[in-house]
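Spelled out, the chains give:
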Amino acid sequence: MTSSISCLGEAATAVLTTAAPLEKVRLTRLHAAAWRDGLLSPAVPAPPPDRPARPDRPELKLPRDMPKRGRGGSAQNRIALLHALAHIELNAIDLAWDIVARFAPLGLPKGFTDDWIQVADDEARHFQMLESRLNALGSSYGDLPAHDGLWQAATETAHDLAARLAVVPMVLEARGLDVTPDTVRRLRDFGDAESADLLQTIHDEEISHVAAGRRWFVHLCAERGAEPVALWQELVGRHFRGGLKRPFNTTSRQLAGFGPEYYEPITP
């Protein structure tokens, strides 16, 4: 632990202002361990940056300008899939640190900070796993373009923790639970058991991230005297423009405590 980093806010800012992906991962794992060991104070002396630093590569494009990924089992298609997932995990590291630095000063219980630092640590490890698999396939993160829409949810919800929780873990991460099982099956059919096992591990650990989002969303609702399902539906309608999509992985969502009473009534 470097002596220059003594508090939570400084740790978060150090990660968010680091562009190099592997250094962002290293700092995340270092500071997460320091927090668990009681070596960081909970102080957040300044708000986090509006946008995290990004490396020169990959080239960032609008979602509509991204090349279509094939669904076949060629090495090129599997690399494109893993690269896209690595980009999501890199953004997820920053989203977790942003939620800590932006909202922990609101006076939430320590468990809130514990949960989201653990999420950041998990996302950093997931990026490492995906980067190692890309390397084994002869590629690396940055070799392909990536879309620049992932930080939009953070910008849209920077003013309200309830909105952030409603959209990021309870829509975006929950969507990952929905789509990953089919991807795992396809990878196994293609004979890529190693990539399939990696994605299964990520899926299983992401359940706890959705659960953390739902738990703290319900906590906020209790503080505000709001009914959780109704407020979630209102916030999603106001702040998430993508629309909810079927099919839902109700089994994994239920393991996260996220029942269909939330999302079924507002899904076309």
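Keep in mind that what you see is a predicted model, and the values were worked out from it rather than measured.

(A) Spotlight on the overall build of the protein. When helices and strands are counted, the protein shows 10 helices and two strands. Going from the N terminus to the C terminus, the protein shows its helices and strands as α-α-β-α-α-β-α-α-α-α-α-α. Relative to the compact-globule value of 18 Å for 268 residues, the protein shows a C-alpha radius of gyration of 18 Å, a close match. Expressed along its principal axes, the backbone C-alpha trace of the protein runs to roughly 50 × 50 × 30 Å. Sorting the 268 residues of the protein into buried and exposed places 50% on the buried side. In the protein, the share of contacts with a sequence separation of at least 24, taken over all contacts with a separation of at least 6, comes to 80%.

(B) Fine view of the nonpolar core. Among the nonpolar cores identified, the biggest contains 72 residues, and Trp-97, Trp-116, Phe-217 and Trp-232 are the most heavily contacted of them. Those elements that provide at least two residues to this core are helix H1 (8–16), helix H2 (21–36), helix H3 (75–103), helix H4 (110–136), helix H6 (161–189), helix H7 (193–224), helix H8 (228–239) and helix H10 (260–263). Setting aside chain neighbours within four positions, we find Trp-116 in contact with Ala-96, Ile-99, Val-100, Leu-165, Pro-169, His-209, Ala-212, Gly-213 and Trp-216. With six residues, the next largest nonpolar core counts Leu-95, Ala-154, Val-167 and Val-168 among its residues.

(C) Geometry of the packing of H6 against H8. Remark: H6 packs on H8, axes separated minimally by 9 Å, with the N-to-C direction vectors making an angle of 85°. In this view, H6 runs roughly perpendicular relative to H8, as classed from their interaxial angle. Packed against H6, whose contacting residues are Ala-162, Ala-163, Ala-166, Val-167, Met-170 and Val-171, the element H8 presents Trp-232, Leu-235, Val-236 and His-239 at the interface. Here the residues of the contact of H6 with H8 are counted per class, giving nine nonpolar, one polar and no charged.

(D) How the structure looks around H4. Look at H4: 39 Å from first C-alpha to last across 27 residues, which is about the 39 Å you get at 1.5 Å a residue. Just beyond H4, the residue with positive phi is Gly-138, at close to 85°.

(E) Seen up close, the pattern of salt bridges. Taken as a whole, this structure holds 25 salt bridges when the rule is applied. Here Arg-241 ties to Glu-156 by a salt bridge, and the two come within 3.4 Å at their closest N and O atoms. Here Arg-241, found in the loop between H8 and helix H9 (250–255), pairs with Glu-156, found in helix H5 (residues 152–156); they are 85 residues apart in sequence, far enough to count as distant. Arg-186 is the salt-bridge partner of Asp-182, the closest N and O atoms lying 3.4 Å from each other. With Asp-182 and Arg-186 both in helix H6 and four residues apart, this pair spans about one turn of that helix. Each of the salt bridges in this network shares a partner with another, and the network as a whole consists of Arg-78, Arg-133, Asp-192 and Glu-194.

(F) Main features of unusual backbone geometry. The omega angle of the peptide bond from Arg-57 to Pro-58 is 15°, so this bond is cis rather than trans. Residues Arg-246 and Pro-247 are joined by a peptide bond in cis, for which omega reads 0°.

(G) Fine view of the packing of H2 against H3. Two numbers describe how H2 lies on H3: the axes approach to 11 Å, and their chain directions differ by 40°. Relative to H3, the element H2 is oriented oblique. The interaxial crossing formed by H2 with H3 has left-handed handedness. On H3, the residues touching Pro-21, Lys-24, Val-25, Thr-28 and His-31 of H2 are Leu-90, Ile-93, Asp-94 and Trp-97.

(H) The arrangement of the packing of aromatic side chains in detail. All told, the structure shown has eight aromatic pairs when counted by the stated rule. Centroid distance Phe-127 to Tyr-141: 5.4 Å. Interplanar angle 80°. Geometry classified as edge-to-face. With Phe-127 in helix H4 and Tyr-141 in the loop between H4 and strand E2 (146–147), the pair connects residues that are 14 residues apart, well separated along the chain. Given a relative accessible area of 1%, Phe-127 falls into the buried group. Assessed through its relative accessible area of 8%, Tyr-141 is described here as buried. Residues Phe-258 and Tyr-263 carry aromatic rings whose centres are separated by 5.4 Å and whose planes lie at 65° to one another, so their mutual orientation is edge-to-face. Assessed through its relative accessible area of 0%, Phe-258 is described here as buried. The class of Tyr-263 is buried, set by a relative accessible area of 0%. Seen from the ring of Tyr-263, Arg-253 lies directly overhead, with NZ or CZ sitting 4.3 Å from the centre.

Calculation notes
- Residues numbered from 1 in each chain as written.
- Predicted model: local features only at pLDDT ≥ 70, side-chain atom pairs only at ≥ 80, totals over all residues.
- Heavy atoms only, no water.
- Helix = DSSP H or I, 4+ residues; strand = E, 2+ residues; numbered from the N terminus.
- Rg over C-alpha atoms; globule rule 2.2 N^0.38 Å.
- Buried < 20%, exposed > 50% of the residue type's maximum accessible area, 1.4 Å probe, protein only.
- Contact = heavy atoms within 4.5 Å.
- Core = buried A, V, L, I, M, F, W, Y, C linked by side-chain atoms within 4.5 Å.
- Axes fitted to C-alpha atoms, helices over the stretch in contact; angles between N-to-C directions.
- Parallel < 35°, antiparallel > 145°, perpendicular 65-115°, else oblique.
- Nonpolar A, V, L, I, M, F, W, Y, C, P; charged D, E, K, R; others polar.
- Expected span 1.5 Å × (residues − 1).
- Salt bridge = Lys/Arg side-chain N within 4 Å of Asp/Glu carboxyl O.
- Left-handed = near helix turned anticlockwise from the far one by under 90°.
- Phe/Tyr/Trp six-rings, centres within 6.5 Å; stacked < 30°, edge-to-face > 60°.
- Lys NZ or Arg CZ within 6 Å of the ring centre and 35° of its normal.

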